[in-house]
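These are the residues of each chain, in order.
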Amino acid sequence: MDLNIVKAICEKQRMGIKAALVTIVETHGSTPRKAGSTMVILQDGQSIGTIGGGCGEAEVRRQALTALDDNCSTLYTLSMLNEAAADEGMVCGGVMEVFIQIV
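Residues numbered from 1 in each chain as written. Predicted model: local features only at pLDDT ≥ 70, side-chain atom pairs only at ≥ 80, totals over all residues. Heavy atoms only, no water.

Some details on the pattern of salt bridges
Phase 1: A complete count under the given rule lists two salt bridges for this structure.
Phase 2: The salt bridge involving K12 is made with E11; its shortest N-O contact spans 3.8 Å.
Phase 3: Residue class for K12 comes out buried when judged on its relative accessible area of 14%.
Phase 4: Across the salt bridge formed by R62 and E59, the nearest N and O atoms sit 2.8 Å from each other. Residue R62 and its partner E59 are both found in helix 2 (residues 54–70); the two are separated by three residues, about one turn of the helix. (Salt bridge = Lys/Arg side-chain N within 4 Å of Asp/Glu carboxyl O. Buried < 20%, exposed > 50% of the residue type's maximum accessible area, 1.4 Å probe, protein only. Helix = DSSP H or I, 4+ residues; strand = E, 2+ residues; numbered from the N terminus.)

Right under this line is the structure:
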């Protein structure tokens, strides 16, 4: 895991700020980043790190914010396949499974 991610999590915990650690746990096909990539999403929507950017990362951010509101970690599958993905501008053509962990 990126040292900046670890530092950010520690800093936010010291401040009493809840965050979501997003980790790609599995990929299939072409994806912008691979398993092990991480980012942190804060309750105000700010992010630290990246799991690939673009529409896919924006969708995962929305899921992370929901998880923060629900105070519940979750596993989320992001499909970047078929016409729907193309309509959103995703060009990768793969699937990413991400674990959104409340920290």
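Once the structure has been displayed, the description carries forward.
Things to note about the pairing of strand 1 (residues 19–28)
The two faces of the sheet receive side chains in turn, since in a regular strand these alternate between them.
Phase 1: Alignment of strand 1 against strand 2 (residues 38–42), held across five bridges, turns out to be antiparallel. Each bridged residue has a counterpart across the sheet, and for V22 the counterpart in strand 2 is M39. (Pairing = 2+ DSSP bridges.)

Some details on the sheet that holds strand 5 (residues 95–102)
The strands making up a sheet are joined through hydrogen bonds of the backbone, oriented either antiparallel or parallel.
Phase 1: A sheet is described by the order of its strands in space; here five strands give the open sequence 3-2-1-5-4, paired in antiparallel fashion. Two strands close off the open sheet at either side, each with one partner strand: strand 3 (47–49) and strand 4 (74–79). Looking at each pair of strands side by side, their axes are set apart by 25 degrees on average, direction ignored.
Phase 2: Looking at chain direction, strand 1 and strand 5 are connected through eight bridges and run antiparallel. Directly across from A20, in strand 5, lies its bridge partner I102.
Phase 3: Contacts from helix 1 (residues 3–14) reach strand 1, strand 2 and strand 3, with the element oriented near 25 degrees to strand 2. (Axes fitted to C-alpha atoms, helices over the stretch in contact; angles between N-to-C directions. Contact = heavy atoms within 4.5 Å.)

So, the side chain of S37
Phase 1: Note that S37 resides in the loop between strand 1 and strand 2.
Phase 2: By relative accessible area, S37 is classed as buried at 10%.
Phase 3: A polar contact of 3.4 Å, which involves the side chain of S37, links it to the side chain of R33.
Phase 4: Look past the residues within four positions of S37 in its chain and what remains in contact with it is V22, T23, I24, T50 and I51. (Polar contact = N/O pair within 3.5 Å; in protein donor to acceptor, adjacent residues only side chain to side chain.)

Here we look at the side chain of T38
Phase 1: Note on placement: T38 falls in strand 2.
Phase 2: Its relative accessible area of 8% is what places T38 among the buried residues.
Phase 3: Setting aside residues up to four positions removed in sequence, T38 forms contacts with M1, I5, L21, V22, T23, G49, T50 and I51.

Some thoughts on the nonpolar core
Phase 1: Of all hydrophobic cores here, the largest spans 17 residues; its most connected members are A20, V22, I51, V60, V98 and I100.
Phase 2: Elements represented by at least two residues in this core include exactly strand 1, strand 2, helix 2, strand 4 and strand 5.
Phase 3: Every residue in contact with V98, bar those within four places of it in the chain, is listed here: V22, T23, I24, V25, I51, V60, T74, L75 and Y76.
Phase 4: Core analysis: the second largest hydrophobic core is formed by six residues, A19, L21, V40 and L42 among them. (Core = buried A, V, L, I, M, F, W, Y, C linked by side-chain atoms within 4.5 Å.)

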